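Observations on chain architecture
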Amino acid sequence: GAVVSQHPSWVICKSGTSVKIECRSLDFQATTMFWYRQFPKQSLMLMATSNEGSKATYEQGVEKDKFLINHASLTLSTLTVTSAHPEDSSFYICSARLSGTGHYEQYFGPGTRLTVT
Amino acid sequence: RKEVEQDPGPFNVPEGATVAFNCTYSNSASQSFFWYRQDCRKEPKLLMSVYSSGNEDGRFTAQLNRASQYISLLIRDSKLSDSATYLCVVNRMIYNQGGKLIFGQGTELSVKP
C-alpha cells in the first residue's frame, strides 16, 4: 500500500518551454501532496504544499507563477515548470501524506529528473 | 543553525558492524519523527517512524528523547544492502494543516564486504 507514482521519470527540454509533472497516489486518497526539489548532494527542499480543491501553499522564495501547482482530485497533483531555464534543472519529487494514522508520514514518488538545455 | 541536524558522513563500516546515527532537532513544535533512506538518484523511502517509547524493526532500532530533542537510529549486523543515505526527518506541526516534513542533510552509509 501507499504507492505514489510520478510521470515522467525524466525529461529534457529547451530553455523557455514548460514542463508538466504528474503525481498520483495509486492506492489511497491524498488530500495533501507535497512538491520537493533536490539538487546533487543536498537534501530535499520543500517547494509547496498542494491541497485538493484549493490553492497551493508555497515556501518562501519559490515563485508561484513559475511553478504552477494544480491538485484537482484526491489522487492527482501536477507541477508545471513554466519558462524553464537551465537553473531549474533538478530532481523534482512529489509525496502524498497518508491521513488518519496520526503520524503524518509521507510517501514519495520516484521523482522526475528535469534537464533544461 | 539548521532545524534538523545529523552526523556528517560518510560512515564506512564492514559487513556485520553496528552503526549508530544521531540527529537533533530545534523546533519543539515537531511532533512526528521518521527515518527515511535514500539510495543514489532515487526517492526517499520510509524506513521507520520513531516513537517516544523507542521502537525496533528487525535490525533497526530507533529512539526518541523529546527532552533533549534527539533522535537516533541503530543498525545491527549491517548488510551491503544497507548502503544508502539515511535521512532524519521531523514533522513540524502547523495549526490545522497537519504540518510539513523537515529533512536533515542526510548521513551516507557505506557497508563494505
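What this report covers is the structure whose coordinates are included nearby. The shown structure was predicted, so the numbers you read here are calculated from the model rather than taken from an experiment.

Within a sheet, each strand pairs with its neighbour through backbone hydrogen bonds, oriented either parallel or antiparallel. All names here are of chain A. Strand order in the open sheet made by the four strands is β1-β3-β8-β7, with antiparallel pairing throughout. Pairing within the sheet leaves two strands with one partner each, and these edge strands are β1 (4–7) and β7 (67–73). Averaged over all pairs of adjacent strands, the angle between strand axes in this sheet comes to 15°, irrespective of strand direction. With five bridges connecting them, β7 and strand β8 (residues 76–81) associate as antiparallel partners. Paired with N70 across the bridge in β8 is T78.

Before going further, it helps to examine the pairing of β8(A). Residues and elements named next belong to chain A. Among the six residues of β8, six are classified as buried, and the element is accordingly described as predominantly covered. Burial along β8 is two-sided: L76, T78 and T80 facing one way and S77, L79 and V81 facing the other are all buried. Where strand β3 (residues 19–25) meets β8, six bridges bridge the pair, whose relative direction is antiparallel. Counterpart to C23 in the pairing with β8 is S77. Linkage of β7 to β8, two consecutive antiparallel strands, is achieved through a turn of two residues.

Turning our attention to unusual backbone geometry. Cis geometry marks the peptide bond from H7(A) to P8(A), where omega comes out at 0°. Here P8(A) is to be found in the loop between β1 and β2 (10–13). Located in the positive-phi region is R41(B), a residue other than glycine, with phi close to 65°. Mapping R41(B) onto the fold places it in the loop between β4 (30–38) and β5 (44–50). The phi dihedral of D77(B) is positive, around 45°, even though this residue is not glycine. The class for D77(B) is partly exposed, based on a relative accessible area of 38%.

Glancing now at the environment of V11(A). Here V11(A) lies in strand β2. Discounting residues that sit within four places of it in the chain, V11(A) has contacts with V19(A), T112(A), R113(A), L114(A) and T115(A).

A few words now on the side chain of S25(A). Residue and element names in this part refer to chain A. Along the polypeptide, S25 turns up in strand β3. For S25, a relative accessible area of 4% gives the class buried. Of the polar contacts made by the side chain of S25, one reaches the backbone oxygen of F28; its length is 2.7 Å. The contact partners of S25, leaving out residues within four places of it in the chain, are V3, V4, A30, M33, L74, T75 and A96.

The next subject is the pairing of strand β4 (residues 32–38) of chain A. Residue and element names in this part refer to chain A. Counting buried positions along β4 yields seven of seven residues, so the element is predominantly enclosed. Alternating residues of β4 divide into T32, F34, Y36 and Q38 and M33, W35 and R37, and every residue in both groups is buried. Bridge count between β4 and strand β5 (residues 45–51): six bridges; the pairing is antiparallel. Bridge pairing in β5 links F34 to T49. The antiparallel hairpin formed by β4 and β5 contains six residues in its connecting segment, where K41 sits at a positive phi of about 65°. Of the pairings in the sheet, the one linking β4 to strand β9 (residues 90–97) comprises six bridges and is antiparallel in character. If you follow Q38 over to β9, its bridge partner there is F91.

What follows deals with the environment of F91(A). Inspection of the secondary structure assignment puts F91(A) in strand β9. Residue F91(A) is classed as buried on the basis of its relative accessible area, which comes to 5%. Distance in space between the C-alpha atoms of F91(A) and L46(A) is 12 Å, their sequence separation being 45 residues. Among all residues touching F91(A), those that are not within four sequence positions of it are Y36(A), R37(A), Q38(A), P110(A), G111(A), T112(A), R113(A), R41(B), K42(B) and E43(B).

Each value, and the rule that gives it
- Every chain is numbered on its own, with residues counted from 1 as its sequence reads.
- Lettering for chains starts from A, numbering for ligands starts from 1, and both go in the order in which the items are written.
- Confidence filtering applies because this is a predicted model: local features only for residues at pLDDT of at least 70, side-chain atom pairs given and counted only at 80 or more, and all residues used for totals across whole chains, interfaces and linings.
- With hydrogens and water stripped out, all remaining heavy atoms of the structure feed into the side-chain values.
- At least two bridges found by DSSP between two strands are what make those strands a pair.
- The way it works is that DSSP assigns letters per residue, a run of H or I at least four long becomes a helix, a run of E at least two long becomes a strand, and they are numbered from the N terminus.
- Fitting a line to C-alpha atoms yields each axis, with helices limited to the stretch in contact; the angle taken between N-to-C directions then spans 0 to 180 degrees.
- Each residue gets one of three labels from its accessible area relative to the maximum for its type: buried under 20%, exposed over 50%, partly exposed in between, using a 1.4 Å probe on protein chains only.
- Two residues qualify as a contact provided that any one of their heavy atoms is within 4.5 Å of a heavy atom in the partner residue.
- N or O atoms closer than or at 3.5 Å make up a polar contact, with two conditions inside protein: a donor-capable atom paired with an acceptor-capable one, and, for residues adjacent in sequence, both atoms drawn from side chains.

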